[in-house]
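Each chain, written out:
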Amino acid sequence: MSPPCHTSALLLVFMALAVAGAEQSEERSCDVIGDESSESQMERALLKKLEPLSHMRFNVTVEKGKTENYIYHFRVCREVNSTSHDFGGLVQRDRQSGKTTVIGRINETQVFNGSDWIMLIYKGGDSYGRHCSGEKRRAVIMISCKRGVTASSFSIISEEREKEQECFYLFEMDSSVACPAENSHLSVGSILLITFVSLIAVYIIGGFLYQRLVVGAKGMEQIPHFAFWQDLGNLVADGCDFVCRSKPRNAPAAYRGVGDDQLGEESEERDDHLLPM
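Nothing here was measured: the structure is a model prediction, and the numbers come from that model.

Chemist: How would you summarise the overall build of the protein chain if you had to cite specific residues and measurements?
Modeler: For the protein chain, the count of helices and strands is four helices and eight strands. Within the protein chain, the fraction of its 277 residues that count as buried is 26%. Intrachain contacts of the protein chain at a sequence separation of at least 6 include 49% that bridge at least 24 residues. Element-wise, carbon and sulfur atoms account for 57% of the exposed surface of the protein chain, whose accessible area totals about 19,700 Å².

Now the structure itself:
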């Protein structure tokens with residue numbers, strides 16, 4: 001093989017390895033049951049809402065006597081073990097024997113929500129043995145709203161396997177992604193108050209600039225309509241004085257001395273009948 005051909009072959013090999021590595025590094029995500037065209041906008045929105053949890057791993061240990069000692073591994077819309085390519089989103093591992101059982105797979109996902117919770121269901125798990133008519137396992141994960149917490153309190157509630165069909169594993173966890181968006185609507189009074197304050201600010205600033213730059217006013221005269229506001233202040237002061245004063249301004253004093261002007265003139269003839277001439 002000539003050197004150019006050898007170099008081309010090496011490049012092709014490296015490119016193939018790079019493509020294979022890229023495919024392995026790209027993790028699979030949740031695939032809702034049914035055709036992609038049948039997925040609703042609500043399901044797509046919920047899966048996007050859960051995306052912040054996809055990089056996290058959750059584990060819980062369950063011990064029931066000496067016979068059952070398990071660890072449950074869970075990821076949100078990602079494979080627990082991406083190298084095995086089994087689509088396992090929730091996996092049970094027996095701590096004694098090391099046996100691994102897939103409880104639910106992300107390629108058979110269902111998702112729906114309520115006002116403050118999201119229900120994530122992985123179907124298509126490994127088949128039961130003696131229980132539930134040998135049907136495939138499924139995991140139900142209830143994600144409840146808890147503000148300020150990305151994710152916490154992952155735990156198993158129960159395993160319903162005493163029925164003939166529709167058996168399931170029930171898990172729960174808390175997360176802020178399940179919380180509804182907080183509304184920040186302003187009341188009508190707040191809107192009116194903000195509008196009023198904004199108009200006052202525009203009036204004062206605009207009027208001040210007009211008086212200073214166009215009219216050439218100085219000092220207090222730069223206040224828009226200064227004479228009007230001055231008169232208005234005087235009128236308000238007079239009104240307050242009239243309404244709030246405790247007694248009339250010209251009220252007579254409680255005691256007034258007797259002056260000469262209150263005695264009047266003496267009658268010159270008041271004693272004429274007593275001293276006849």
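Chemist: Can you explain the pattern of salt bridges? Please cite residues and give values.
Modeler: Under the definition given, this model contains nine salt bridges. Among the salt bridges present, the one from Arg138 reaches Glu166, with a minimum N-O distance of 2.9 Å. With Arg138 in the loop between β5 (117-124) and β6 (139-145) and Glu166 in the loop between β7 (152-160) and β8 (168-175), this residue pair connects regions lying 28 residues apart in the sequence. By relative accessible area, which is 16% here, Arg138 ends up buried. In this structure, the salt-bridge partner of Arg161 is Glu159, at a minimum N-O distance of 3.9 Å. What emerges from the salt-bridge pattern is a single network uniting Glu27, Glu51, Arg75 and Arg78.

Chemist: Got a sec to walk through the sheet that holds β6? Specific residues and values, please.
Modeler: Reading across the sheet, the eight strands line up as β1-β2-β3-β4-β5-β6-β8-β7 and stay open at both edges, with mixed pairing between neighbours. Since the sheet does not close on itself, it has two edges, and those belong to β1 (57-64) and β7, each with one partner. Neighbour-to-neighbour, the strand axes of the sheet open up by a mean angle of 25°, direction not taken into account. Bridge count between β7 and β8: six bridges; the pairing is antiparallel. Its bridge partner being in β8, Glu160 is matched across the sheet by Phe168. Against the sheet, helix α2 (residues 41-50) touches β4 (100-113), β5 and β6, its axis set at about 120° to β4.

Chemist: Could you give an account of unusual backbone geometry, with specific residues and numbers?
Modeler: Look at Cys77: it is not a glycine, yet its phi comes out positive at around 55°. Along the polypeptide, Cys77 turns up in the loop between β2 (68-75) and β3 (88-94). Classification of Cys77 by relative accessible area gives buried; the value is 5%. Even without a glycine there, the phi angle at His85 is positive, about 55°. Tracing the chain through its elements places His85 in the loop between β2 and β3. Overall, His85 belongs to the partly exposed group, its relative accessible area being 39%.

Chemist: With reference to specific residues and values, describe the UniProt feature "transmembrane region" (unreviewed entry) in the protein chain.
Modeler: Per the UniProt record, "transmembrane region" (unreviewed entry) is annotated on residues 186-210. Strand forms 0% of residues 186-210 and helix 92%; the C-alpha atoms that close the span are 34 Å apart.

Chemist: Run through the pairing of β4, naming residues and quoting values.
Modeler: Bridge count between β3 and β4: five bridges; the pairing is antiparallel. The residue bridging Gly88 from the neighbouring strand is Arg105, located in β4. Following β3, the chain reverses through five residues before pairing antiparallel with β4; Gly98 in that reversal takes a positive phi of roughly 80°.

Chemist: So what about the nonpolar core? Which residues, and what values?
Modeler: Leu50, Tyr72, Phe74, Leu90, Tyr122, Ile141 and Phe171 are the most contacted members of the largest nonpolar core, which has 34 residues in total. If you list the elements that add at least two residues to this core, you get α2, β1, β2, β4, β5, β6 and β8. When neighbours within four sequence positions are excluded, Leu50 is seen to be in contact with Val76, Val111, Ile118, Leu120, Ile143 and Val177.

Rules behind the numbers
- Residues numbered from 1 in each chain as written.
- Predicted model: local features only at pLDDT ≥ 70, side-chain atom pairs only at ≥ 80, totals over all residues.
- Heavy atoms only, no water.
- Helix = DSSP H or I, 4+ residues; strand = E, 2+ residues; numbered from the N terminus.
- Buried < 20%, exposed > 50% of the residue type's maximum accessible area, 1.4 Å probe, protein only.
- Contact = heavy atoms within 4.5 Å.
- Areas by Shrake-Rupley, 256 points an atom, 1.4 Å probe, with all protein chains shown as cover.
- Salt bridge = Lys/Arg side-chain N within 4 Å of Asp/Glu carboxyl O.
- Pairing = 2+ DSSP bridges.
- Axes fitted to C-alpha atoms, helices over the stretch in contact; angles between N-to-C directions.
- UniProt positions renumbered as here; feature names shortened; annotations may be inferred.
- Core = buried A, V, L, I, M, F, W, Y, C linked by side-chain atoms within 4.5 Å.

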